[in-house]
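# Geometric and topological summary
So you can see what is in the structure, the chains are spelled out below.
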Amino acid sequence: MLEITKSIEWDMGHRVPNHKHKCRNPHGHRYRLEMTVSGLISQEKGTSQEGMVHDFGDIKQSLLANICTRLDHCFMASEEDAIFASLSKNEGKDLNIVLVPFVPTAENIVVWCYERLKDSLPAHLQIVRLRLFETPTSYAEFFP
Ligand SMILES: [Zn+2]
């Protein structure tokens, strides 16, 4: 068994409404998600995937389709965050606000990412770790 990792990055705003310090203010991050999957090296002679656990390009497509497309340049807010819940209902303003049923901390967001990714990979691969960087020095890790 081998593990391989692919990462993607996107820009997103959020806030932690009840935070005791500055994170209660709307602000943004360059998020980075690293997905590690495990599997066996393909021995199928003459195929595109010979010698690979999985094609990095295919993993990237899954990450882009399930995470980046939805979150890049959005503002993620809790459904209970009255300010942004209200803003999201402003029709015609074309604001990309993603309401979620949790406080959008790195910890909660990485689990949200897992829920969107878990069924996107072929059956022979298992997600063994998702690591979400909120800043270059801070990350949350989820081990399914
Ligand atoms: Zn933040």
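### A word on the nonpolar core
With 20 residues, the main nonpolar core has Leu33, Met35, Cys113, Leu130 and Leu132 as its most contacted residues. Those elements that provide at least two residues to this core are strand E2 (27-39), helix H1 (56-71), strand E3 (74-78), helix H3 (106-117) and strand E5 (126-135). For this core, the element with the highest residue contribution is H3, accounting for five residues. For leucine 132, the residues in contact, after removing those within four places along its chain, are Tyr31, Leu33, Ala106, Ile109, Val110, Cys113, Tyr139 and Ala140.

### A few points about H3
Given 3.6 residues to a turn, an α-helix orients residues that are three or four positions apart in the same direction. Here H3 is 12 residues long and its end C-alpha atoms lie 16 Å apart, about the 16 Å a rise of 1.5 Å per residue gives. Within H3, burial applies to Ile109, Val110, Trp112, Cys113 and Leu117. In a view along the axis of H3, the buried residues occupy a sector of 155°, so they form one face of it. The inward-facing, buried residues of H3 abut E2, H1, strand E4 (97-100), E5 and strand E6 (138-142).

### Some remarks on the environment of histidine 29
Examined against the element boundaries, histidine 29 turns out to sit in strand E2. Between the C-alpha atoms of histidine 29 and arginine 131, which are 102 residues apart in sequence, the distance is 15 Å.

### Regarding the packing of H1 against H3
Between two packed helices, what matters for the description is the angle formed by their axes and the separation of those axes. H3 packs onto H1 with a crossing angle of 120° between their chain directions and a minimal axis gap of 10 Å. Considered as vectors, H1 and H3 are oriented oblique to each other. H1 and H3 meet at a crossing whose hand is right-handed. Facing Ser62, Asn66 and Ile67 of H1, the residues of H3 in contact are Cys113, Arg116 and Leu117. Residue composition of the contact of H1 with H3, grouped by class: three nonpolar, two polar and one charged.

### Examining the sheet that holds E5
Taken in spatial order, the six strands of this open sheet run E4-E3-E1-E2-E5-E6, and their pairing is mixed. Only two strands of the sheet have a single partner each, and these edge strands are E4 and E6. Direction aside, neighbouring strands of the sheet carry axes that sit 35° apart on average. Two strands pair when backbone bridges link them, and E3 and E4 are joined in this way by four bridges, in the parallel orientation. Opposite alanine 77, over in E4, you have leucine 99 as the bridge partner. Sheet strands in contact with H1 are strand E1 (2-14), E2, E3 and E4, and its direction is about 20° off that of E1. With respect to the sheet, H3 is in contact with E2, E4, E5 and E6, its orientation differing from that of E5 by roughly 145°.

Conventions adopted
- Residues numbered from 1 in each chain as written.
- Predicted model: local features only at pLDDT ≥ 70, side-chain atom pairs only at ≥ 80, totals over all residues.
- Core = buried A, V, L, I, M, F, W, Y, C linked by C-beta atoms within 7 Å.
- Buried ≥ 20, exposed ≤ 12 C-beta atoms within 10 Å, placed from the backbone.
- Helix = DSSP H or I, 4+ residues; strand = E, 2+ residues; numbered from the N terminus.
- Contact = placed C-beta atoms within 7 Å.
- Expected span 1.5 Å × (residues − 1).
- Arc of directions from axis to C-beta.
- Axes fitted to C-alpha atoms, helices over the stretch in contact; angles between N-to-C directions.
- Parallel < 35°, antiparallel > 145°, perpendicular 65-115°, else oblique.
- Left-handed = near helix turned anticlockwise from the far one by under 90°.
- Nonpolar A, V, L, I, M, F, W, Y, C, P; charged D, E, K, R; others polar.
- Pairing = 2+ DSSP bridges.

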